[in-house]
Amino acid sequence: MHEMGIVLHLAKTLDQTAEENKLTAIGRVVLQVGEVSGIMTELFTDAWDYFKVRHPVLKDSTLVLETIPAVTWCDHCKQTYETVKYGKTCPYCGSGETWLLRGNECVIKEIEAE
Ligand SMILES: [Zn+2]
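Remember, predicted model here, so these are calculated numbers, not experimental data.

Rules behind the numbers
Residues numbered from 1 in each chain as written. Predicted model: local features only at pLDDT ≥ 70, side-chain atom pairs only at ≥ 80, totals over all residues. Heavy atoms only, no water. Core = buried A, V, L, I, M, F, W, Y, C linked by side-chain atoms within 4.5 Å. Buried < 20%, exposed > 50% of the residue type's maximum accessible area, 1.4 Å probe, protein only. Helix = DSSP H or I, 4+ residues; strand = E, 2+ residues; numbered from the N terminus. Contact = heavy atoms within 4.5 Å. Donors = N, O, S within 2.8 Å, 3.2 Å for Na, K, Ca; no water. Tetrahedral: all angles 85-135°; square planar, octahedral: opposite > 155°, others 65-115°. Salt bridge = Lys/Arg side-chain N within 4 Å of Asp/Glu carboxyl O.

Brief notes about the nonpolar core
Right, on to step 1. Within the largest apolar cluster, 18 residues are counted, with the highest numbers of intra-cluster contacts made by L10, L14, I26, F44, W48, L58 and L63.
Right, on to step 2. Where this core is concerned, the elements lending two or more residues are helix 1 (2-20), strand 1 (26-34) and helix 2 (41-54).
Right, on to step 3. Ranked by the residues each element gives to this core, the list is headed by helix 1, at 6 residues.
Right, on to step 4. When residues no more than four places from it in sequence are discounted, the contact partners of F44 are E3, I6, V7, L10, L31, I39, L63 and L65.

Rendered as structure tokens:
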């Protein structure tokens, strides 16, 4: 399960952050998830609940998920467009020479200590 691996990595990162900053509890974690990253947010929340029990520092934490809209760049007409709506073909010029600018990432935006 893809989500489990990401949450495992996230829990480790948070454990480390807590240790480095001498935090005893983490309150709110804001995670940005790209629209086309393929992450199922529902599974993600389940995985989070699983790890919360196993990481004391995360016991009372809340996970907030934010979506990063996917944007594609067209190399042909030098414009950007919504990836989800148009896919790999540029809606302005019909070119297929397009690149995903953002929307495939999964990043920690904010960590709040208790
Ligand atoms: Zn174009």
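Some points on the coordination of the zinc ion
Right, on to step 1. Those protein atoms acting as donors to the zinc ion are C74 (SG), C77 (SG), C90 (SG) and C93 (SG), and they sit at 2.2 to 2.3 Å.
Right, on to step 2. For the zinc ion, the 4 donor atoms in the first shell make angles of 106 to 112 degrees at the metal, so the coordination geometry reads as tetrahedral.
Right, on to step 3. Among the residues examined, C93 registers a relative accessible area of 35% and is labelled partly exposed.

Observations concerning the pattern of salt bridges
Right, on to step 1. Applying the stated criterion to the full structure yields 4 salt bridges.
Right, on to step 2. Between E112 and R28 there is a salt bridge; the shortest N-O distance is 3.4 Å. Of this pair, E112 sits in strand 6 (residues 106-113) while R28 sits in strand 1, and the two are 84 residues apart along the sequence.
Right, on to step 3. Taking the relative accessible area as the measure of exposure, E112 reaches 34% and is therefore partly exposed.
Right, on to step 4. K78 is the salt-bridge partner of D75, the closest N and O atoms lying 4.0 Å from each other.
Right, on to step 5. One network of salt bridges, with partners in common, ties together R28, E110 and E112.

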